[in-house]
Amino acid sequence: MPNSKPFSAAWKRRVLTRALTVVRAEIERRAATRWAPFPGPQTQALTSDADFLYYGGAAGGGKTDLLLGAAHTRHRLSIIFRREFPQLKGVTDRAQQLFRGRGRWSKSDWTWRLDDGRIIEFGAVQHADDVHKYQGRPHDLIAFDELPHFTEAQFRFLVGWNRPGPGVDPAQRCRVIGAGNPPTDAEGAWVIRFWAPWLDPTYPNPAAPGELRWFVTDGQGQDREVPGPEPVALDDGDVLTPKSRTFIPARVEDNPVMMRAGYIATLQSLPEPLRSKMLRGDFGAGREDHPWQVIPTAWVEAAMARWQPAGVATLPLVALGVDVARGGRDRTVLAARHGAWFAPLDVVPGRETPDGAAVVGLVLRRLAGATAAETPGGVAVQVDAIGVGASVQDLGMLHGLRMVAMNAAAASGARDRGGRLGFVNRRAEWYWSLREALEPALGADLALPPDRELLADLVAPRWKMTARGIQIEAKDDIKARIGRSPDKGDAVVLAHAQPAGDGTGLLAVYAEMAAGLASPIISTSSLA
């Protein structure tokens, strides 16, 4: 008959001790074989002290592994983003390979909970408002796979909660890691601006790979490089603590696994400029424009390449385009046009131009001492007179300025250069007129000041054909898509636009033509 005597306490202790020994051995075995970085850029990135790290550039450098490995070995509460949820499959598949047997995966909340207490979450923000799903949720590592797919506004919003979460040691190191290839379109070009010391060849003080640089972001959302990590007092009295940034490039040659797989041959077979982007991580290689982009990127770049600082000394000022801030982080921008040459833009935070009087004062200071064209009434101050620009229009006239009311929403009677296509409104006419003036073969040889933000603004709008003619994407829609207001681009469009006959506009156009200052492509609405 079986012995029914209960197991003794000593026997239970022996069994428990043996079980714990086995568990400890298994944990040690797993720890000994967990992810480790490749020597070179991946190790340098993992150990970097940067608060904002951008890693990669080329394809095959181990970008996804860096994000997962950093979450696995250096952080307690992490989140890894892709722009769309379907794009997370490759990341989560790799996570299964790395973490299988080390924790539990929950598909319901896209989260790995590892046996050592680490939590790794996965998220996506396909639409602009999706960022609010993650509002107020702290993570000590916030990582982005293929960062140029995100808008700048999404990025800046999400990193706002980069801090230790509940139950995490307050001393836990916090950081943001972005991984990706060079942007393939203009919307991802903000990455080049954010890491300009490494990625922008025109930046006046370039940085070496891995070098730390320090930045603050002022109340208008503008980044400023500062000498070091010490707190900085701004002109408005704010004292800001700088955050560090760096970029560490990586190529397929830095990944032994990909090299053994022969992936380099695949990259070498790609057509240009994709080959330069993916094989060498060339951020200067050509980007692919959106098929409905109003102004091709190459046309704007050519106009900026034509620009010379001496232009203002030889051509009189004929028009001043004024884009008035609508509040928030918007800025008031003045674009001065000297014939076909545009001066560097005057940009003022919106809080410094709270009303029409402040904007008119800014215009008066800008025009003081300027050599104006010999056109009736002097320099044309062209401001969108609807909404916030209305008071600027009225007060400017009281000060004797030649204010030209520009109503972007008004109907247009103009046609395109070929005479076939009309326009839904004046705004569409003005943008298309600038497009035609920038066309290399048939344009007006406009010279625009080199300015990456202006470039991004001018290439952001898209168009579509409607029964009423060409329609340009609404400014609010552009703002939602790129994460900011295209103030600089709108100011240049206003400065270039030929006003419709408003009593003085027609005479001004003829005077410019006679003086050789007007674009040879004159809007036919000026003759309506």
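Before going into details, it helps to say that this report is about the structure given with it. The shown structure was predicted, so the numbers you read here are calculated from the model rather than taken from an experiment. (Residues numbered from 1 in each chain as written. Predicted model: local features only at pLDDT ≥ 70, side-chain atom pairs only at ≥ 80, totals over all residues. Heavy atoms only, no water.)

## A closer look at the overall build of the protein
Heads up, the condition is: Helix and strand assignments come from DSSP, with helices taken as H or I runs of at least 4 residues and strands as E runs of at least 2, each series counted from the N terminus. Any residue under 20% of the maximum accessible area for its type is buried, any over 50% is exposed, and the rest in between are partly exposed; the area is computed with a 1.4 Å probe on protein chains only. Any pair of residues with heavy atoms lying within 4.5 Å of one another is described as a contacting pair. The Shrake-Rupley method, run with a 1.4 Å probe, gives the accessible areas here. Residue values count only the displayed protein chains as cover.
Within the protein one finds 19 helices and 20 strands. Looking at the protein residue by residue over its 528 residues, the buried ones come to 52%. Counting only contacts in the protein whose residues sit at least 6 apart along the sequence, the fraction spanning at least 24 positions is 66%. When the accessible area of the protein is evaluated, it comes to approximately 24200 Å², of which 55% is carbon and sulfur surface.

## Here's the deal with helix H15 (residues 426–438)
So the rule is basically this: Here the expected span of a helix is defined as 1.5 Å times the quantity of residues minus one. Residues adjacent in sequence count toward polar contacts only when both atoms are side-chain atoms; beyond that, a polar contact is any pair of N or O atoms within 3.5 Å, and within protein one must be able to donate a hydrogen and the other to accept it.
Relative to the 18 Å expected for 13 residues at 1.5 Å per residue, H15 spans 18 Å between its end C-alpha atoms, a close match to the ideal helical length. Burial of H15 is extensive: 12 of the 13 residues sit out of reach of the surface. The distance from a side-chain oxygen at the start of H15 to the backbone nitrogen of Arg427 is 3.3 Å, and the residue carrying that oxygen is Asn425.

## Quick word on unusual backbone geometry
The phi dihedral of Trp110 falls on the positive side, at around 50°, and the residue is not glycine. The residue Glu146 is not glycine, and still its phi comes out positive at about 60°. Its place among the elements puts Glu146 in the loop between strand E6 (141–145) and helix H5 (152–158).

## A short note on the packing of H15 against helix H18 (residues 487–496)
What counts here: Axes, fitted as lines to C-alpha atoms, cover a helix only where it is in contact. Angles between the N-to-C directions of the axes lie from 0 to 180 degrees. Our angle categories are set so that under 35 degrees counts as roughly parallel, over 145 as roughly antiparallel, 65 to 115 as roughly perpendicular, and the remainder as oblique. Ten residues, namely Ala, Val, Leu, Ile, Met, Phe, Trp, Tyr, Cys and Pro, are considered nonpolar, four, namely Asp, Glu, Lys and Arg, are considered charged, and the remaining ones, Gly among them, are considered polar.
Across the interface, H15 lies against H18 with an axial gap of 9 Å and an inter-helix angle of 80°. Considering the angle they form, H15 stands roughly perpendicular to H18. Side by side, H15 and H18 meet where Trp430, Tyr431, Ser433, Leu434 and Ala437 of the first sit next to Gly489, Asp490, Val492, Val493, Leu494 and His496 of the second. Split by residue class, the contact of H15 with H18 holds seven nonpolar, three polar and one charged.

## Points about the packing of helix H3 (residues 63–73) against helix H4 (residues 89–99)
What counts, and what does not: Two helices cross in a left-handed way if the nearer one is turned anticlockwise from the farther one by less than a right angle. They cross in a right-handed way if the turn is clockwise.
With their axes 10 Å apart at the nearest point, H3 and H4 run at an angle of 50° to one another. Between H3 and H4, the angle is such that the two are oblique. Read as a crossing pair, H3 and H4 show a hand that is right-handed. Each of Thr64, Asp65, Leu68 and His72 in H3 lies in contact with H4, whose residues at this interface are Val91, Arg94, Ala95, Leu98 and Phe99. Tallied by class, the residues present in the contact of H3 with H4 amount to five nonpolar, two polar and two charged.

## Focus: the side chain of Gln154
On the secondary structure map, Gln154 appears in helix H5. Judged by relative accessible area, which is 2%, Gln154 ranks as buried. For Gln154, the side chain forms a polar contact with the main-chain oxygen of His127, separated by 3.4 Å. Beyond its immediate stretch of four places on either side in the chain, Gln154 contacts Arg83, Val125, Gln126, His127, Ala128 and Val131.

## What to know about empty space enclosed by the protein
Just so we agree on the cut-off: Cavity and pocket criteria rest on a 1 Å grid covering protein atoms alone: a 1.4 Å probe that fits but cannot get out defines a cavity, protein on both sides within 12 Å along at least 5 of 7 lines defines an open pocket, and an atom within 4 Å of a point defines a lining residue. Grid points are joined across faces, edges and corners, and a volume is the space filled by probe spheres set on the points.
Evaluated as defined, the whole model comprises four cavities of 30 Å³ or more. Of the voids in this model, the largest cavity is the one considered here, and its volume is about 120 Å³. Along the walls of the largest cavity sit Thr151, Glu152, Ala186, Glu187, Ala189, Trp190, Arg193, Ala456, Ala460, Arg481, Ile482 and Arg484, which together make up its complete lining. Of all the elements in the fold, those that place two or more residues in the lining of the largest cavity are helix H6 (190–194) and helix H17 (475–482). Residue classes in the lining of the largest cavity are distributed as six nonpolar, one polar and five charged.

## A look at the nonpolar core
Worth spelling out the cut-off: To form a nonpolar core, buried Ala, Val, Leu, Ile, Met, Phe, Trp, Tyr and Cys residues must be joined to one another through side-chain atoms within 4.5 Å.
Core analysis: the largest hydrophobic core is formed by 41 residues, its most contacted members being Val300, Leu434, Leu438, Leu448 and Val492. Elements with a contribution of two residues or more to this core: helix H11 (297–306), strand E14 (331–338), strand E18 (402–406), H15, helix H16 (452–459), strand E20 (469–472) and H18. Here this core takes seven residues from H15, the largest share from any one element. Excluding its chain neighbours within four sequence positions, the residues that come into contact with Leu448 are Val300, Ala303, Met304, Trp307, Phe342, Leu438, Leu458 and Val492. Membership of the second largest hydrophobic core comes to 28 residues, among which are Trp35, Ile80, Phe122 and Ala143.

## Re the pairing of E20
The condition is simple: Each pair of strands is called paired provided DSSP finds at least two bridges between the two strands.
As paired strands, strand E19 (residues 463–466) and E20 are joined by four bridges and run antiparallel to one another. Note on E20: the bridge partner recorded for Lys464 is Gln471. Hairpin remark: E19 followed by E20, antiparallel, with two residues in the connecting loop.

## As for the environment of Val383
Take Val383: it is sitting in strand E17 (residues 380–384). Exposure remark for Val383: the relative accessible area of 1% places this residue in the buried category. Along the sequence, Val383 and Ala491 sit 108 residues apart, while their C-alpha atoms lie 8.5 Å from each other. For Val383, the contacting residues outside a window of four places in its chain are Val322, Val324, Gly389, Gln393, Met403, Val404, Ala405 and Met406.

## Looking at the sheet that holds strand E1 (residues 52–57)
Pairing is mixed across the open sheet formed by 10 strands, whose spatial order is E3-E4-E5-E2-E6-E7-E1-E12-E8-E9. A single partner strand is all that each edge strand has here, and the edge strands are strand E3 (103–106) and strand E9 (223–226). Averaged over neighbouring strand pairs, the angle between their axes works out to 20° when direction is ignored. Here four bridges tie strand E8 (residues 213–217) to E9, and the two strands are oriented antiparallel to one another. Counted as the bridge partner of Val216 is Arg224 from E9.

## Regarding the pattern of salt bridges
Keep this limit in mind: By definition, a salt bridge exists where a carboxyl oxygen of Asp or Glu is found within 4 Å of a side-chain nitrogen of Lys or Arg.
Taken as a whole, this structure holds 24 salt bridges when the rule is applied. In this structure, the salt-bridge partner of Asp93 is Lys89, at a minimum N-O distance of 2.8 Å. Remark: Lys89 and Asp93 occur in helix H4; sequence separation between them is four residues, near one turn of the helix. On the basis of relative accessibility, which here comes to 53%, the residue Lys89 falls in the exposed class. Among the charged side chains, a salt-bridge network with shared partners connects Glu152, Arg156, Arg193, Asp223 and Arg245.

## Considerations on the packing of aromatic side chains
Selection criterion: Between the rings of Phe, Tyr and Trp (Trp by its six-membered ring), a pair exists once the centres lie within 6.5 Å; its type follows the angle of the planes, with under 30 degrees stacked, over 60 edge-to-face, and the other angles tilted.
For the structure on display, the rule yields 22 aromatic pairs. When the ring of Trp105 is compared with that of Phe122, the centres are 5.9 Å apart and the planes differ by 70°; the resulting orientation is edge-to-face. Separated by 17 residues along the polypeptide, Trp105 in strand E3 and Phe122 in strand E5 (residues 119–124) bring together distant segments of the chain. On the numbers, 6.3 Å between centres and 80° between planes, the contact of Trp190 with Phe194 is edge-to-face. Of the two residues, Trp190 and Phe194 are both situated in helix H6; the distance of four residues between them amounts to about one turn of the helix. Here Phe194 falls in the buried class, since its relative accessible area comes to 3%. A connected cluster of aromatic rings, assembled from ring pairs, spans Phe52, Tyr54, Phe81, Tyr134, Phe144, Phe150, Phe155, Trp190, Phe194, Trp195 and Phe247.

Honestly, that's just the spatial picture; any functional story needs more than this.
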